[in-house]
Amino acid sequence: MKQTDPHSLVHGMRITLPSAVAWRVMAELMRRHGKAHDIKILQVHPGISIRGCYYVLFDAHPTRVDDALSLVLNLGGPAGTYRVKRKDGRADGPEQDFLFSMLGNDPVRVLDQIDKDLGLRAPKKLPPSTPAMLVARTIAACLEHAALSPLHMRTTAAYVDASAYGPHIAAWARHFVPASTEFESHIERGSMPYQKAYAVLWPYMALHLGETPGDMALSPEYEARPLALFDFKTGQVQLRIKGKRGVRFSLPDEYAKRGHTLDAICLRILRHLGVRW
């Protein structure tokens, strides 16, 4: 009997589950290493990959992100796998599983192995959460809460690197950077390198529902739907619908107010997005 590659099954999953596992990996790496390293996330869609992948960048220069040590988490292509890219551009291979391993009995062992592959060592004690750590933890927790719902939920970064179609700047990014909607045309004309746009837009991320796994919150029309917008630098959250500001709050302040737990915050965000149980 011909055996099926389990990672080929990921393409038939709703995007919510693999996104939740990927964000849990990213959140835990940020918790472990966010004090000692400057960690940023880059959303990439190689070729015609709709689901794409996330690059977790360690100590990247703002305009030379290709030179950084990075962990690549694949949601498309070899879905549910990861690889490490070294500072010299060399990629370790072959890809290793993270999705099914993280759903197994010992997810901490999986994180320890990823640390080992990156050449990092986990601290003996986790440091207090910074705003960036809280954003990653909140996104991961929201996706985990919704993982088995019938909905497609995913994240879209303010800056999306899509090799087949060029870079994309999300329309909602103007709520953080008013001039951001002009970046795309500048990049196309060659008057602004894409790295400069990423250096400005990297902190901003949207959590949202989609009709399909590849439905990204990029176009102005998407703002008719509920969006939860996050700022990694400050920990600010904006809950918007139909382009209106809606509710805005500080994630660190809410986290402290609620006894350093995320449950109530996540439920608030999920209700805004339209997730019901």
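Position numbers for residues start from 1 in each chain and track the written sequence from start to end. Owing to the predicted nature of the model, reporting of local features is limited to residues with pLDDT of at least 70; listing and counting of side-chain atom pairs is limited to 80 or more, with chain, interface and lining totals taken over all residues. Heavy atoms throughout the structure, all of them, feed into the side-chain values; hydrogens and water do not.

Regarding the packing of helix α1 (residues 16–33) against helix α4 (residues 131–145)
For helices, the fitted line uses only the C-alpha atoms of the stretch in contact; every axis is such a line through C-alpha atoms, and the angle between N-to-C directions lies from 0 to 180 degrees. Put simply, DSSP H or I for four residues or longer makes a helix, DSSP E for two residues or longer makes a strand, and each gets a number counted from the N terminus. Running from N to C, α1 and α4 point in directions that differ by 155°, and their axes come no closer than 8 Å. Judged by the inter-axis angle, α1 sits roughly antiparallel to α4. Where α1 crosses over α4, the handedness of that crossing is left-handed. For the pair α1 and α4, the contacting residues are Thr16, Ser19, Ala20, Trp23, Arg24, Ala27, Met30 and Arg31 in the first and Ala132, Met133, Ala136, Arg137, Ile139, Ala140, Ala141, Leu143 and Glu144 in the second. Residues are sorted three ways: Asp, Glu, Lys and Arg are charged, Ala, Val, Leu, Ile, Met, Phe, Trp, Tyr, Cys and Pro are nonpolar, and all the rest, Gly among them, are polar. Its residues assigned to classes, the contact of α1 with α4 shows 11 nonpolar, 2 polar and 4 charged. For this classification, under 35 degrees means roughly parallel, over 145 means roughly antiparallel, 65 to 115 means roughly perpendicular, and everything else is oblique. For a crossing to be left-handed, the near helix must be turned anticlockwise from the far one by less than a right angle; the clockwise case is right-handed. By definition in these notes, contact holds between two residues if any of their heavy atoms fall within 4.5 Å.

What about the sheet that holds strand β8 (residues 166–169)?
Pairing between two strands is assigned when DSSP locates at least 2 bridges connecting them. Pairing in this open sheet of 7 strands is mixed, and the strands run β5-β4-β3-β2-β1-β7-β8 from one edge to the other. Here the strands that pair on one side only, and so sit at the sheet edges, are β5 (96–97) and β8. Summarising the sheet, strand β1 (residues 39–45) and strand β2 (residues 53–58) pair through 6 bridges and their orientation is antiparallel. When the bridges of β2 are listed, Leu42 appears paired with Tyr55. On top of the sheet, helix α3 (residues 107–118) reaches β2, β3 (69–74) and β4 (81–85); it is set at about 25° to β4, its chief contact.

Topic: the environment of Phe232
The topology assignment puts Phe232 in the loop between β10 (227–231) and β11 (236–241). Dropping the residues within four chain positions of it, Phe232 is found in contact with Trp23, Met30, Ile41, Pro131, Ala132, Val135, Ala136, Trp202, Pro203 and Met205.

Concerning the nonpolar core
Side chains of a nonpolar character, in soluble globular proteins, are inclined to be buried together. In these notes, a set of buried Ala, Val, Leu, Ile, Met, Phe, Trp, Tyr and Cys residues joined through side-chain atoms within 4.5 Å is what counts as a nonpolar core. The rule is simple: take the accessible area with a 1.4 Å probe, protein chains only, and divide by the maximum for that residue type; under 20% is buried, over 50% is exposed, in between is partly exposed. Judged by nonpolar contacts, the single largest core of 95 residues is most densely connected at Trp23, Leu71, Trp172, Leu207 and Phe232. Looking at this core, the element that brings in the most residues is α4, giving 10 residues. Apart from the residues lying within four places of it in its own chain, the contact partners of Trp23 are Ile41, Tyr54, Ala136, Ile139, Ala140, Leu143, Thr155, Met205 and Phe232.

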